[in-house]
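Tertiary structure, described
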Amino acid sequence: MSLNTVSGAPVLNSAQVEDSLVKPLESIAAIALCSTIVRTHGSSALRIPITAATPTASFVAEGAEIPVTDADLEELVLTPRKLAGLSVITSELAQTSTPQAADIVGAGLAKDIAKKLDMAAFGNLPAPAPPGLAALSGVKAVTAHLAGGKLTDFDWAAEAESLSAVAGGNITHWVASPDAALLIATTPLGGTGGLMSAMQPDPTLPTRRQVLGRPLIVSTAVASRTIWGIDNSRSFLAISEDVTLESDRSVYFTSDRIAIRAKLRVSFGWPNPETVVKITIPAA
């Protein structure tokens, strides 16, 4: 991976950027792990249709007219916003031709970008960041039961699943703050007096944990003592295909270092907020 380039020149071609930056980003960002990822062209918006009112079927007598009903369609428009990260590496690392050098640069930037992406998705950062879950209206709310500083049961999960199902959703992922995940991990299956933790390993992916059959993702971007129940078919992450990784030698010329800049356009959204459930664990 030689970076003997002029200022602002691409470091990697599009295929290399995909492997060194985009794929790592998609594998570590919590919002990517619990969403449907859609690639867009350039800065073009992703338009997601929303059925506000569905057609109504009915039993009809033979020879009678079939009632006509129209679908009321709306749309959620996700306009990709620029998200950029900057890293500085030594000239010695830049001049190596080993594939690992590209991976080191891409992984570092992907981790930084993923952190900011999750902060926006699970919070409510100011513009130009897209509005996140913390600003989303219409989500369902559940309060977990607590006694002695511990969760007493997993009724919160059953209630969240039910609320999402009533709205036409199906929770596929739990995304929790670290302190909420700890409380889940220390709650026995069956609640107080149980013998086995409800946070069990996934046999197909031993490093992944799941709660009552659904993967649990832990993210520091989620507010303290909070768990989100998300249906990945109703959660969208739009990533522009126009992703760049560029280098510039001039800015750190005196210290013989090179600036590496990653830039992409991304947005996220939930066309059916009522299928999203926010679970809050009250203070002890």
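Summarised in this report is the structure supplied together with it. Treat the numbers as computed from the prediction; the structure is a model and nothing was measured. (Residues numbered from 1 in each chain as written. Predicted model: local features only at pLDDT ≥ 70, side-chain atom pairs only at ≥ 80, totals over all residues. Heavy atoms only, no water.)

What follows concerns unusual backbone geometry. The residue after Ala127, namely Pro128, is reached through a cis peptide bond having omega 15 degrees. Not every positive phi belongs to a glycine, and Arg225 is a case in point at roughly 60 degrees. By the element assignment, Arg225 lies in the loop between strand 12 (214-218) and strand 13 (226-230). Overall, Arg225 belongs to the partly exposed group, its relative accessible area being 21%. (Helix = DSSP H or I, 4+ residues; strand = E, 2+ residues; numbered from the N terminus. Buried < 20%, exposed > 50% of the residue type's maximum accessible area, 1.4 Å probe, protein only.)

This part covers the pattern of salt bridges. For the coordinates displayed, the defined rule picks out three salt bridges. For Arg47, the salt bridge goes to Glu75, with nearest N and O atoms at 2.7 Å. Of this pair, Arg47 sits in strand 3 (residues 46-53) while Glu75 sits in strand 4 (residues 72-78), and the two are 28 residues apart along the sequence. According to the relative accessible area criterion, Glu75 is partly exposed, its value standing at 45%. The partner of Arg214 in a salt bridge is Glu161, with the nearest N and O atoms 3.1 Å apart. (Salt bridge = Lys/Arg side-chain N within 4 Å of Asp/Glu carboxyl O.)

A word on the side chain of Asn272. For Asn272, the position within the fold is in the loop between strand 16 (257-269) and strand 17 (277-280). With sequence-adjacent residues up to four places away left out, Asn272 is seen in contact with Ile50 and Arg234. (Contact = heavy atoms within 4.5 Å.)

Moving on: the nonpolar core. Grouped together as the largest cluster of nonpolar side chains are 35 residues, with contacts concentrated most on Leu25, Ile31, Leu117, Phe122, Val175, Trp228 and Leu264. Counting only elements with at least two residues in this core, the list comes to helix 1 (14-28), helix 2 (30-33), helix 4 (99-122), strand 13, strand 14 (236-240) and strand 16. Sort the elements by how many residues they give to this core and helix 4 lands first, with eight residues. By size, the runner-up hydrophobic cluster in this structure holds 20 residues, among which are Ala176, Ala180, Ala181 and Leu183. (Core = buried A, V, L, I, M, F, W, Y, C linked by side-chain atoms within 4.5 Å.)

A few words on helix 5 (residues 155-166). In this model helix 5 runs 16 Å from its N-terminal to its C-terminal C-alpha over 12 residues, within 8% of the 16 Å that 1.5 Å per residue would give. Those residues of helix 5 that fall on the buried side of the exposure criterion are Trp156, Ala157, Ala160 and Ser164. One side of helix 5 carries all its buried residues, which in axial view fall inside an arc of 100 degrees. Of the residues flanking the end of helix 5, it is Gly168, one or two places downstream, whose phi is positive at about 95 degrees. (Expected span 1.5 Å × (residues − 1). Arc of directions from axis to C-beta.)

Turning to helix 6 (residues 178-185), its buried residues are Ala180, Ala181, Leu183 and Ile184. End-on, the buried residues of helix 6 take up no more than an arc of 160 degrees, which puts them together on one face.

The next thing to look at is the packing of aromatic side chains. Each aromatic ring pair is summarised here by two numbers: the centre-to-centre distance and the angle between the ring planes. This model, assessed by the stated rule, comprises three aromatic pairs. Arranged with centres 5.9 Å apart and planes meeting at 40 degrees, the rings of Phe154 and Trp156 form a pair that is tilted. Each member of the pair, Phe154 as well as Trp156, is classed as buried. Centre to centre, the rings of Phe268 and Trp270 are 5.8 Å apart; their planes meet at 50 degrees, and the pair counts as tilted. (Phe/Tyr/Trp six-rings, centres within 6.5 Å; stacked < 30°, edge-to-face > 60°.)

Once that is clear, we can look at the environment of Leu33. The topology assignment puts Leu33 in helix 2. The class for Leu33 is partly exposed, based on a relative accessible area of 37%. Sequence separation of Leu33 and His173 is 140 residues, and the distance between their C-alpha atoms is 8.6 Å. Aside from chain neighbours lying at most four places away, what touches Leu33 is Glu26, Ser27, His173 and Ile217.

Once that is clear, we can look at the side chain of Glu26. Mapping Glu26 onto the fold places it in helix 1. Residue classification places Glu26 among the buried positions, given a relative accessible area of 19%. Looking at Glu26, its side chain comes within polar contact range of the side chain of Arg39, at 2.9 Å. With residues near it in sequence (within four places) discarded, Glu26 still touches Ala32, Leu33, Ile37, Arg39 and Ile239. (Polar contact = N/O pair within 3.5 Å; in protein donor to acceptor, adjacent residues only side chain to side chain.)

Within the secondary structure, Lys150 is located in strand 8 (residues 150-151). Owing to a relative accessible area of 41%, Lys150 belongs among the partly exposed residues under this scheme. On a C-alpha basis, the gap between Lys150 and Ile281 in space is 9.6 Å, while along the polypeptide they are 131 residues apart. Look past the residues within four positions of Lys150 in its chain and what remains in contact with it is His145, Leu183 and Thr186.

Its place among the elements puts Ser219 in the loop between strand 12 and strand 13. Relative accessible area serves as the criterion here: at 6%, Ser219 is assigned to the buried category. Setting aside residues no more than four positions away along its own chain, Ser219 makes contact with Ala30, Asp118, Val175, Ala176, Ser177 and Pro178.

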